[in-house]
Every structure is written in C-alpha cells, then in structure tokens.
Amino acid sequence: MALATAYEVHDNLLIIRLEGELDHHEADKLRKEWQWWLKEKRKRHVLLELSGLDFMDSSGLGVVLGRYKEIQANEGMLMISGVSSEVDRLFELSGLKKLLPFAVTEEEALQKFGVMI
Amino acid sequence: MKNRMTLTFDSRSENESLARVTVSGFMAPLDPTMEEMMDVKTVVSEAVTNAIIHGYDSEDGKDIELHCAYENDELVIVISDNGSGIEDVEMAKEPLYTSKPELERSGMGFTIMENFMDHVLVTSSPGNGTRVELRKKMVAKDRVCH
Ligand SMILES: Nc1ncnc2c1ncn2[C@@H]1O[C@H](COP(=O)(O)OP(=O)(O)OP(=O)(O)O)[C@@H](O)[C@H]1O
Ligand SMILES: [Mg+2]
C-alpha cells in the first residue's frame, strides 16, 4: 500500500492528511510536497493529521523532525493529530512527544490552533 | 509448529513494503496480536531500509536477503546485505546516532529494533556486509485476553 497525501489550507495553516504507509520509499515525495507548501506558499503553521496512517517507521520520524525544524525556524507551529498507538510509540521513543504538541482528533487540534495562533 | 523461508530481492526502496508484506504473511500462522504484527513489520522495514541506504549507499541492483523462521512461538528474522558494513556496531546502535544526517535520518532504527523485539544481534565489519538477527516470542493470545 502506498501513501496518499491531501493538503488543505486555512489562511496561515496547512493541514496535511496522510493515508496508507509512510516509509523510506514514500518519504521523499512527502518531503518535497511539504517543503513546497512551506517555502513557495509560505504556510507558517501545520497540522499533520495521521488518523488514516496505517504504517510508519523511522523514515517518517526523519521527515517530521526535518519539517519541525523548518517550521520552528519560521516561528510557526507543527501539531500532530490522530496518532495510532503504534505510531505513538515511535514518537515517544524519538523524543518528539516532548518537542511538539499533539491532539487526539483533528477537531481538538483546530481548537488548540484557534487559541494558540 | 515450524516453518522457514528465504527471499532475496533487489536493493530498491519499493521492496521495503514487499519485505513487510512477506513477513506479515509468513508469521500469520503464529496468530500474532495486532501489536506484534506491527512491531515486526516496523523492524523489518528498519533493517531493509538500512541495507539500502547505508549498506549499499542507495545503489540498486544489489542483493538483500530476508530469512524468516519460527519454531513454536518464537519468530526469527535475519536481514543481510553484502554492502559497506559497520565499523563500530556499538556506536551505530546508540540512539540518535546516524552517519547520514543529510538524508534526514534520525538515528532511531536500531533503537526501534531493540525496543520492539526481544533480541537483536548485529554482525558486521567494514567490507563484509551486515547481518541483523531479530527474535521475538509471540505471546499466547488466550493469556492476553483473560
Ligand atoms: N546495513 C547497514 N550497512 C552499513 N551501515 C549500517 C547498516 N545499518 C546501519 N548502519 C549504520 O548504523 C547507523 C545507525 O543505524 P540506525 O538505523 O539506528 O539509524 P539511521 O538509519 O542512521 O537513521 P533512521 O533509522 O532513524 O532513519 C547508520 O547511520 C549507519 O551508519
Ligand atoms: Mg535506519
């Protein structure tokens, strides 16, 4: 199963929805698309919605960490929602849980963004 | 209950998902929990990705071997390449250590393998390729449920 990406924009906020499997094979495409939205479209804040993600490994961690640094450098915020228990263990192991905010659902994330942005 | 299989495939990133699907199918008779299945898929993905990126420096057309076996409730997976090998295995296993930060690697692969499996044995030396042996005992379902 491949990775499907969907992008939705609300002013300064980019919502990225991932479905399927995020591994090394799929990571390059996601990285390039995500960077295009940050650099060319100048989106400052990002919500990464993962409730449709069935699989992720360290390649996914690398992409998220890389974009986190870019968003951070631009004084934006990256939030992640809809994380499965398996993916949550990876975020936990990598220390990402301490670096950035998480929300259970997309609704909760958008509410938090409404308050924080 | 006993079974084994060996598959050799090309060092192409498309084969990362092939390796995951193959192992899932192979281990199905062990009746793993969802979590056990995901753990094993994740570590296979880590070791195969390492063989491609590090062992063969992302060059395709090289051999990666995936060997799986189980006896009763213990699953053994061995992933081997004939690539560059690792000079200092202990250092390579350190969390967050990566030799390829420019490729956005985060140095978590071995840490994930060690956390998700019962035993991880890495045999490697420069010029002699790398062999990663991963072992996990499946927990009997009836003991988990009640
Ligand atoms: N098959 C291999 N052949 C040669 N070197 C390897 C191999 N597997 C791992 N290594 C070395 O061990 C280091 C650590 O591997 P590990 O999987 O933990 O991290 P990574 O691959 O660098 O990053 P990540 O897995 O988080 O993407 C690698 O950076 C590489 O130097
Ligand atoms: Mg790795």
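Being a predicted model, the structure only gives us computed values, none of them experimental.

## Thoughts on the UniProt feature "domain: STAS" (unreviewed entry) in chain A
Residues given the UniProt feature "domain: STAS" (unreviewed entry) here are residues 3-113 of chain A. Annotation note: span residues 3-113 of chain A, helix share 49%, strand share 32%, distance between end C-alpha atoms 26 Å.

## Focus on the packing of aromatic side chains
A complete count under the given rule lists four aromatic pairs over all chains for this structure. The positively charged end of Arg89(A) is found above the aromatic ring belonging to Phe116(B), 4.0 Å away from the centroid. The ring of Phe102(A) carries the charged tip of Lys97(A) above its face, separated from the ring centre by 5.4 Å.

## Observations concerning the packing of helix H2 (residues 34-55) of chain B against helix H4 (residues 109-116) of chain B
All names here are of chain B. The geometry of H2 relative to H4 is characterised by a closest axis approach of 9 Å and an angle of 150 degrees between their N-to-C directions. Judged on the interaxial angle alone, H4 and H2 are roughly antiparallel. For H2 against H4, the interelement crossing comes out left-handed. Where H2 approaches H4, its residues Asp39, Thr42, Val43, Glu46, Ala47 and Asn50 are matched on the opposing element by Gly109, Phe110, Ile112, Met113 and Phe116. For the contact of H2 with H4, the residue count by class is six nonpolar, three polar and two charged.

## Observations concerning the interface of chain B and chain A
Counting residues at the interface gives 25 residues for chain B, matched by 22 residues for chain A. Here chain B meets chain A over a buried area of about 2,000 Å², counting both sides, of which 52% is carbon and sulfur. Three residues stand out in chain B for area buried against chain A, namely Arg20(B), Met38(B) and Glu104(B), and they jointly supply 28% of the buried area on that side. The interface formed by chain B and chain A holds seven salt bridges in total. Note that Glu104(B) is salt-bridged to Arg67(A), the shortest N-O span being 2.5 Å. Inspection of the region where chain B meets chain A yields 12 residue pairs in polar contact (both at pLDDT 80 or more).

Reading guide: rules and limits
- Residues numbered from 1 in each chain as written.
- Chains lettered and ligands numbered in written order.
- Predicted model: local features only at pLDDT ≥ 70, side-chain atom pairs only at ≥ 80, totals over all residues.
- Heavy atoms only, no water.
- UniProt positions renumbered as here; feature names shortened; annotations may be inferred.
- Helix = DSSP H or I, 4+ residues; strand = E, 2+ residues; numbered from the N terminus.
- Phe/Tyr/Trp six-rings, centres within 6.5 Å; stacked < 30°, edge-to-face > 60°.
- Lys NZ or Arg CZ within 6 Å of the ring centre and 35° of its normal.
- Axes fitted to C-alpha atoms, helices over the stretch in contact; angles between N-to-C directions.
- Parallel < 35°, antiparallel > 145°, perpendicular 65-115°, else oblique.
- Left-handed = near helix turned anticlockwise from the far one by under 90°.
- Contact = heavy atoms within 4.5 Å.
- Nonpolar A, V, L, I, M, F, W, Y, C, P; charged D, E, K, R; others polar.
- Buried area = accessible area lost by both parts, 1.4 Å probe.
- Salt bridge = Lys/Arg side-chain N within 4 Å of Asp/Glu carboxyl O.
- Polar contact = N/O pair within 3.5 Å; in protein donor to acceptor, adjacent residues only side chain to side chain.

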